[in-house]
Amino acid sequence: MNTYPIPILGFAAYSGTGKTTLLEALLPRLTEKGLRIGVFKHAHHDFDVDKPGKDSYRLRKAGANQMLIASRNRHVLMTETPDQEAHFFDLLSHFDCSKLDFILVEGCKNLSFPKIELHRDEVGKPWLHPHDDNIIAVASNSSELNTHLPHVDINDLDAIGDMIVNFTQCRPLASSTTQKTDAASCDSLSPAFLSVEQGLEKILTTLKTPATVESASLLDARLRILAEDVHSPINVPAYQNSAMDGYAVRSQDIAASLDHYDVVAQIMAGSSFDGVIEAGQAAKIMTGAPLPSGADTVIMREQSQSNEAGDRVTFSVSNNEFKAGQNVRNAGEDLAQNSIVFNKGTRIQSPELGMLASLGLSQYPLFSQLKVAVFSTGDEVQAPGSELNKNCIYDSNRYTVMAQLQRLGCSVIDLGIIEDCESALEATLLKASTEADAIISSGGVSVGDADFIKTVLERIGQINFWRINMRPGRPLAFGHINDTPFFGLPGNPVAVMVSFLMFVEPALRFMQGETNWQAPKIQAEATEVVRSRLGRTEFTRGIYALNQFGQLQVRTTGMQGSGILRSMSEANCLIEVPPQVEMVKNGEMVKIIPLDGRL
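- Looking at an unreviewed UniProt entry, one finds the protein named Molybdopterin molybdenumtransferase, with Vibrio algicola as its source organism.
- Taken from UniProt, the Pathway (unreviewed entry) comment for the protein reads in full: "Cofactor biosynthesis; molybdopterin biosynthesis."
- Quoted verbatim from the Catalytic activity (unreviewed entry) field of the UniProt record, the comment on the protein reads "adenylyl-molybdopterin + molybdate = Mo-molybdopterin + AMP + H(+)".

See the structure below:
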């Protein structure tokens, strides 16, 4: 929500707390201050804002999907959404932000945007703020509150109004308790996580495309990115040739339905016939062999009958089965000389490599190979091959990441395992920033006592963000050290893989110079319930397949814990459940991200 043009603040509370009553009392106090306020109310039940008998009501009930009512004083657009509830963030776009100072939201407590928790002890419900990092303050009548968040009495309307004004003007929130809080910055006042889309956009806008260009030989070019357009030095095919094994003839002879043809030559691939095919003559020809002068058509061997000597042939071809020029490939038909074969920004893989070789090219301009430094953190992490110590685990994340980098054609700098020590971590990051084009770590980006990545990054570099509103993979640090991008991946193995696929891979492809790359996403029918949590993007490991009717269906791999690495091995896709969906039902369509070729 940090990218929304005006502040958005919600009231998070259970039913019965009195959200609407509180808003009704607050709004006059706020408007008296000259503030222009938009209000968004979410209802869990069906509702109707129109009166039965009115023209607009009658027309909407008659079938109008959208009904716009306008008068001198106001206008209202009512939109029917019977198939699926409208997306919260899409609905916000209907507000005219140029005429508002901020928006207050009643409801939507599970979505990701800044909120004030309203709590009354007599309602008998648990606190929300311990489980929602988006709550920035609390208004309650409880004497049992234990939190660092700013706190005011829920019955003190002036204090709540000041809290709202302070937030919208990005000023510190003062607690009514004797103990002061450190909630003093815009960042701390707006702790809502970035969405997946916002996180990727933030990353890509800070990165640079490659500037260094070099030449490489054929095999060395695999997985590299072209730095310039490649033009064909020759026609492909270079000459007119046969697309079939058969007989080269004149089309006018076939049209005349001659009884037989004299075979005057046999032309193999790599050889030619210097003579001219005259009337009533044919040349036996192999696939790829150059078409002789005078001939313009090839009759397939399967449509021919030759005598024992092989010097005479007849054809079983009727006029309605015949077309002049059939089974002939013309010079330059695939590629004309000097035409563009591949554009700048194309990744060279097996088909591209073969195509370039077929043109006789052995060297071409490429962007320099990306160098990526990789390390794992944690005193509990051990290298595979050693005897496992008590309370320790083997390092799988580093090998996962390095394999992914090799798949992308990066040059890997393996920095091993770094102990939980700020000075060691700082030295490693500084050294890596001078040797590599990008740095990737795993672990140490959460909020534990030994999670130092964020602390060190703030001291020696720049941190752009460190949390993403997704699961798995919420703790994700991104920043720069000496202009070198740094990706701090989570410690859980599945979270590492998902974070790499969603953020690191697109970023590295961009840094390599690859253009117009996007991960493929397709629709599939869910064959079981897929649960999520409102307000965050959920990536569930899944297995997709075609059913007996050729329809694409998907199911989960089972348990979805972030440490269950086996689930990534079993999965052939990720099931993407967007923030506004709490549950995908059996039989509903869901978006999947195929993993074929990406792991």
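1. Quick look at the overall build of the protein
Part 1 of the argument: Tallying secondary structure elements over the protein gives 13 helices and 36 strands in all.
Part 2 of the argument: Residues classed as buried in the protein amount to 46% of the 599 residues present.
Part 3 of the argument: Taking as baseline every contact in the protein between residues at least 6 positions apart, the subset at least 24 positions apart corresponds to 67%.
Part 4 of the argument: For the protein, the computed accessible surface area is about 30400 Å², with 48% contributed by carbon and sulfur atoms.
Part 5 of the argument: Between the mean site of the 52 positive side-chain charges and the mean site of the 70 negative ones, the protein shows a separation of 6 Å.

2. Some points on the domain arrangement of the protein
Part 1 of the argument: Domain annotation for the protein reports domain 1 (8-170), domain 2 (213-233 + 338-367), domain 3 (241-329), domain 4 (371-512) and domain 5 (522-594).
Part 2 of the argument: Distance between the C-alpha centres of domain 3 and domain 5: 57 Å.

3. Focus: the packing of helix H10 (residues 422-435) against helix H11 (residues 453-460)
Part 1 of the argument: Put simply, H10 and H11 touch, their axes get as near as 10 Å, and they point 55° apart. Considered as vectors, H10 and H11 are oriented oblique to each other. Every pair of crossing elements has a handedness; the one defined by H10 and H11 is right-handed. Only Ile453, Thr455, Val456, Arg459 and Ile460 of H11 make contact with H10, whose side of the interface consists of Glu422, Leu425, Glu426, Leu429 and Leu430.

4. Points about the side chain of Arg598
Part 1 of the argument: Positionally, Arg598 belongs in the segment after strand E36 (589-594).
Part 2 of the argument: The exposure class assigned to Arg598 is buried, which follows from its relative accessible area of 5%.
Part 3 of the argument: Once residues within four sequence positions are removed from consideration, Arg598 is found in contact with Gln404, Arg407, Leu501, Glu505, Trp517, Ala519 and Ile593.

5. Regarding H10
Part 1 of the argument: When the terminal C-alpha atoms of H10 are compared, their 20 Å separation across 14 residues agrees well with the 20 Å that a helix rising 1.5 Å per residue should span.
Part 2 of the argument: Listed in full, the buried residues belonging to H10 are Ala424, Leu425, Thr428, Leu429, Ala432 and Ser433. Buried residues of H10, viewed axially, fall in a sector of 160°; they line one side. The outward face of H10, more than 90 degrees from its buried face, is lined by the exposed residues Ser423 and Thr434.
Part 3 of the argument: If you follow the buried residues of H10, they end up packed against strand E21 (371-377), strand E24 (411-418), strand E25 (438-442), H11, strand E28 (475-481) and strand E29 (484-489).

6. What to know about the confidence of the model for the protein
Part 1 of the argument: On average, residues of the protein score 87 in pLDDT, and 92% of them are at 70 or above.
Part 2 of the argument: With pLDDT under 50 throughout, residues 171-192 is counted as low confidence; its partners more than four residues away or in other chains account for 46 contacts.

7. Let's talk about the environment of Arg36
Part 1 of the argument: As for its position among the elements, Arg36 is in the loop between helix H1 (19-31) and strand E2 (37-41).
Part 2 of the argument: Judged by its relative accessible area of 38%, Arg36 falls in the partly exposed class.
Part 3 of the argument: Considered as a pair, Arg36 and Lys99 are 63 residues apart in the sequence and their alpha carbons are 7.1 Å apart.
Part 4 of the argument: If we ignore the near neighbours within four places in the chain, the residues touching Arg36 are Ser98, Lys99, Leu100, Asp101 and Phe102.

8. Structural notes on the pairing of strand E20 (residues 364-367)
Part 1 of the argument: Where burial is concerned, the two faces of E20 agree: the one with Tyr364 and Leu366 and the one with Pro365 and Phe367 are both buried.
Part 2 of the argument: Across four bridges, strand E9 (residues 213-216) lies against E20 in antiparallel orientation. From the neighbouring strand, Ser215 faces E20, where its bridge partner is Pro365.

9. Some thoughts on the pattern of salt bridges
Part 1 of the argument: In this structure the tally under the stated criterion is 21 salt bridges.
Part 2 of the argument: Across the salt bridge formed by Asp253 and Arg250, the nearest N and O atoms sit 3.2 Å from each other. By the burial criterion, Asp253 is buried, and Arg250 matches it.
Part 3 of the argument: Here Glu538 ties to Arg536 by a salt bridge, and the two come within 3.2 Å at their closest N and O atoms. Across the pair, Arg536 and Glu538 agree in class, each one buried.
Part 4 of the argument: Taken together, the shared-partner salt bridges connect Arg347, Arg407, Glu505, Arg509, Glu514 and Arg598 into one network.

10. Quick notes on the sheet that holds strand E7 (residues 135-140)
Part 1 of the argument: Strands sit in the order E2-E5-E1-E6-E7-E8 across an open sheet of six strands; the sheet is parallel. Each of the sheet's edge strands pairs with one partner strand only, and the pair in question is E2 and strand E8 (151-153). Pairs of neighbouring strands in the sheet enclose a mean axial angle of 25°, with direction left out of account.
Part 2 of the argument: With five bridges connecting them, E2 and strand E5 (residues 102-106) associate as parallel partners. Across the sheet, the residue bridging to Lys41 is Glu106, located in E5.
Part 3 of the argument: In this fold H1 packs onto strand E1 (8-12), E2, E5 and strand E6 (115-119), with an angle of close to 165° to the strand it touches most, E5.

11. Topic: the pairing of strand E32 (residues 537-546)
Part 1 of the argument: Of all 10 residues in E32, seven are buried, a share of seventy percent or more.
Part 2 of the argument: Across two bridges, strand E27 (residues 470-471) lies against E32 in parallel orientation. When the sheet's bridge partners are listed, Arg471 is paired in E32 with Glu538.
Part 3 of the argument: Judged from the five bridges that link them, E32 and strand E34 (residues 573-577) form a sheet pairing that is antiparallel. Residue pairing in the sheet places Arg541 in a bridge with Leu574 of E34.
Part 4 of the argument: Across five bridges, E32 lies against strand E33 (residues 552-556) in antiparallel orientation.

12. With respect to helix H9 (residues 397-407)
Side chains three or four residues apart in an α-helix point the same way, a direct result of the helix having 3.6 residues per turn.
Part 1 of the argument: Among the 11 residues of H9, eight are classified as buried, and the element is accordingly described as predominantly covered.
Part 2 of the argument: Along H9, the residues that are buried comprise Asn397, Arg398, Thr400, Val401, Met402, Gln404, Leu405 and Arg407.
Part 3 of the argument: Against E21, E24, E25, E29 and helix H12 (493-512) lie the buried residues of H9.
Part 4 of the argument: A positive backbone phi angle near 80° is found at Gly409, which sits one or two residues after H9.

13. Some remarks on the nonpolar core
Part 1 of the argument: Judged by nonpolar contacts, the single largest core of 39 residues is most densely connected at Val372, Leu405, Ile440, Leu508 and Leu574.
Part 2 of the argument: Within the residue set of this core, elements represented by two or more residues are helix H6 (196-206), E21, H9, E25, E28, E29 and H12.
Part 3 of the argument: Element by element, the count of residues in this core is highest for H12, at 12 residues.
Part 4 of the argument: The residue makeup of this core includes at least three contributed by each of domain 4 (371-512) and domain 5 (522-594).
Part 5 of the argument: Of all hydrophobic cores here, the second largest spans 25 residues; its members include Ala13, Ala137, Ile154 and Phe167.

Scoring rules and cut-offs
Residues numbered from 1 in each chain as written. Predicted model: local features only at pLDDT ≥ 70, side-chain atom pairs only at ≥ 80, totals over all residues. Heavy atoms only, no water. UniProt positions renumbered as here; feature names shortened; annotations may be inferred. Helix = DSSP H or I, 4+ residues; strand = E, 2+ residues; numbered from the N terminus. Buried < 20%, exposed > 50% of the residue type's maximum accessible area, 1.4 Å probe, protein only. Contact = heavy atoms within 4.5 Å. Areas by Shrake-Rupley, 256 points an atom, 1.4 Å probe, with all protein chains shown as cover. Lys, Arg positive; Asp, Glu negative; His and termini not counted. Charge placed at Lys NZ, Arg CZ, Asp CG, Glu CD. Domains from an automatic or database assignment. Axes fitted to C-alpha atoms, helices over the stretch in contact; angles between N-to-C directions. Parallel < 35°, antiparallel > 145°, perpendicular 65-115°, else oblique. Left-handed = near helix turned anticlockwise from the far one by under 90°. Expected span 1.5 Å × (residues − 1). Arc of directions from axis to C-beta. pLDDT = per-residue confidence, 0-100. Pairing = 2+ DSSP bridges. Salt bridge = Lys/Arg side-chain N within 4 Å of Asp/Glu carboxyl O. Core = buried A, V, L, I, M, F, W, Y, C linked by side-chain atoms within 4.5 Å.

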